[in-house]
Amino acid sequence: MLLLKKISQISLFATTSIASSFFIANLPAVAATFSFSETILELNNFSISPQNPFADSSTKAVAVSREEGNIAKANAEGSLIFEADSNLAAVNADFYSEASGEGDNLFSFGESSSLAIGSFAIDPNDILSFDFELNLFTFNEVDSLLNASVSTFSGVEFLLFDDFTNDLIGNFTAITNLDTNLADNVNNDFIFVDGSENVFFEGSSIEDFTGNIESAELLLGGSFEQSFDNATQVRLEVATLNRSCVQSPLTNDPCTRVPEPDNTVVLLFGFLGLGIISSLGRVIDRAK
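My aim in this report is to walk through the structure given alongside it, one point at a time. Since the model is a prediction, treat every value here as computed from it, not as a measurement.

Parameters and conventions
- Residues numbered from 1 in each chain as written.
- Predicted model: local features only at pLDDT ≥ 70, side-chain atom pairs only at ≥ 80, totals over all residues.
- Heavy atoms only, no water.
- Disulfide = S-S within 2.5 Å.
- Helix = DSSP H or I, 4+ residues; strand = E, 2+ residues; numbered from the N terminus.
- Buried < 20%, exposed > 50% of the residue type's maximum accessible area, 1.4 Å probe, protein only.
- Pairing = 2+ DSSP bridges.
- Axes fitted to C-alpha atoms, helices over the stretch in contact; angles between N-to-C directions.

## Overview of the state of the cysteines
By definition, a disulfide links the sulfur atoms of two cysteines through a covalent bond.
Now for step 1: Under the counting rule described, the total for this entry stands at one disulfide.
Now for step 2: Cys245 shares a disulfide with Cys255; S-S distance 2.1 Å. The disulfide joining Cys245 to Cys255 has a torsion of about 100° about its S-S bond and is therefore right-handed. Within this pair, whereas Cys245 is found in strand β12 (residues 232-248), its partner Cys255 is found in the loop between β12 and β13 (257-259), the two being separated by ten residues in sequence.
Now for step 3: Cys245 gets classed as buried once you look at its relative accessible area, which sits at 0%.

## Examining unusual backbone geometry
Now for step 1: Between Ser248 and the following residue, Pro249, the backbone shows a cis peptide bond with an omega angle of 5°.
Now for step 2: Turning to its location among the elements, Pro249 is positioned in the loop between β12 and β13.
Now for step 3: Backbone geometry places Asn181, a non-glycine residue, at a positive phi of 65°.
Now for step 4: Mapping Asn181 onto the fold places it in the loop between β8 (168-180) and β9 (190-195).

## Observations regarding the sheet that holds β8
Now for step 1: Read across the sheet, six strands follow the order β2-β5-β12-β7-β8-β9 without closing on themselves; strand pairing throughout is antiparallel. With one partner strand each, in any of the chains shown, β2 (51-65) and β9 form the two edges of the open sheet. Sheet twist, expressed as the average angle between the axes of neighbouring strands with direction ignored, equals 5°.
Now for step 2: Sheet topology places strand β5 (residues 106-122) next to β12; 17 bridges connect them, and they run antiparallel. Bridge pairing in β12 links Glu111 to Arg243.

## Describing the sheet that holds strand β10 (residues 199-208)
Now for step 1: Sheet architecture is open: six strands sit in the order β3-β4-β1-β6-β11-β10, paired in antiparallel fashion. Each end of this open sheet is capped by a strand with a single partner; those strands are β3 (71-83) and β10. Mean inter-strand twist for the sheet, computed between neighbouring axes without regard to direction, equals 5°.
Now for step 2: Sheet analysis places β10 next to strand β11 (residues 213-227), joined by ten bridges and oriented antiparallel.

Quick look at the structure:
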């Protein structure tokens, strides 16, 4: 089955996927409670060479064990390359996050994010176009349905602006999200894809949103194309975000509350502090 332009939300969509077998076969040894997220993204075949390339990434990991015998682990890694050579211009991102835990009083959190920005000098009657491919994969496992909550997120977004007017020219967002064994049995598992009229895409997904082992994978290929009557400058912003959270005892928000002996500390997580991926929050609200 194909994801055809335009899909606002995918809730029940099952296919087969060779790539998903690769991901699952190469997961780290699964702990009692486990969260894993990976994003692979490539943009290439730019019709106009990008200028002033900027690339940055961030990783963070927190693991807290509050009782003897509890084990909490977290990790996040990845790579981002923005090649602006006229013949080989491309953006390549590959990031993952993971968190795991064993016990009744623990918290583990892993997050990786990336941001690439480039500009394009547009002459009258120019056409700006490029191709993209992405793979989002999320996986949750809870050893017991009584004592731990897991949340996993993988997201990609790119935005194109007219640098002279700051008007939004085009946009694309893709998300997979899994929440397993939340305290109030909240169901917040989804795959979401959306794009502007000048973004075209197709692909497939595979998902399992039931039980104490859940997974979701999205594979897409597509392109952006826009013609311009007048000279201008276009700014491209490309962002990725992966987040893995495990917490015990049960909670409805595994990513933001760290268990403490006498109180709960609320962690505020931003995306590179730049707000580039802020519309992902709006997309999630629309997808609920």
